[in-house]
Amino acid sequence: NAAKTAIGTNGATDTTPGILVLSDNNKAMVLPRVASPHINIINPAPGMMVYDLTKKQIAVYNGTMWSFWKP
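Notes on the structure follow. The structure displayed is predicted, hence computed values, not measured ones.

**Observations concerning the overall build of the protein chain**
Regarding its fold elements, the protein chain presents one helix and six strands. Reading the protein chain from its N end, one meets helices and strands in the order β-β-β-α-β-β-β. For 71 residues, the compact-globule formula gives about 11 Å, and the C-alpha radius of gyration of the protein chain, at 15 Å, lies well above that figure. Reported as C-alpha extents along the three principal axes, the dimensions of the protein chain are approximately 40 × 30 × 20 Å.

**Quick look at the packing of aromatic side chains**
Evaluated as defined, the whole model comprises one aromatic pair. Measuring from ring centre to ring centre gives 5.2 Å for Tyr61 and Trp66, while their planes differ by 55°; the resulting arrangement is tilted. Each of the two residues, Tyr61 as well as Trp66, counts as buried. The ring of Phe68 has Lys55 lying over it, and the distance from NZ or CZ to the ring centre is 3.9 Å.

**Focus: the pairing of strand β5 (residues 57-61)**
Counting buried residues in β5 gives four out of five residues, a clear majority hidden from the surface. Pairing geometry for strand β4 (residues 49-52) and β5, over four bridges, is antiparallel. When the bridges of β5 are listed, Tyr51 appears paired with Ile58. Between the end of β4 and the start of β5, which pair antiparallel, lie four residues, with Lys56 showing a positive phi angle near 55°.

**Notes on the pairing of strand β6 (residues 66-69)**
On a regular strand, each side chain points to the face opposite its neighbour's, so the side chains alternate between the two faces of the sheet. Across four bridges, the pairing between β5 and β6 is antiparallel. Of the residues in β6, the one forming a bridge with Ala59 is Phe68. Hairpin remark: β5 followed by β6, antiparallel, with four residues in the connecting loop; positive phi at Gly63, about 105°.

Parameters and conventions
Residues numbered from 1 in each chain as written. Predicted model: local features only at pLDDT ≥ 70, side-chain atom pairs only at ≥ 80, totals over all residues. Heavy atoms only, no water. Helix = DSSP H or I, 4+ residues; strand = E, 2+ residues; numbered from the N terminus. Rg over C-alpha atoms; globule rule 2.2 N^0.38 Å. Phe/Tyr/Trp six-rings, centres within 6.5 Å; stacked < 30°, edge-to-face > 60°. Buried < 20%, exposed > 50% of the residue type's maximum accessible area, 1.4 Å probe, protein only. Lys NZ or Arg CZ within 6 Å of the ring centre and 35° of its normal. Pairing = 2+ DSSP bridges.

Any link to function would need more than the numbers given here.
This is how it looks when you write it as structure tokens:
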């Protein structure tokens, strides 16, 4: 129930619940960068997220198809 990994400057004291907690005030998570993941990732896992270098968008695989998000 208390299993957790916290990464960041406040990792040792962060009380945010979760399995993986990224804890920092001035840094962010950087996704893996893949050109055309819908073509180049052969067996994607459901929930996989990457930054598509070709489309310059975030790509998320839902278990059936890729969705592309552009800010």
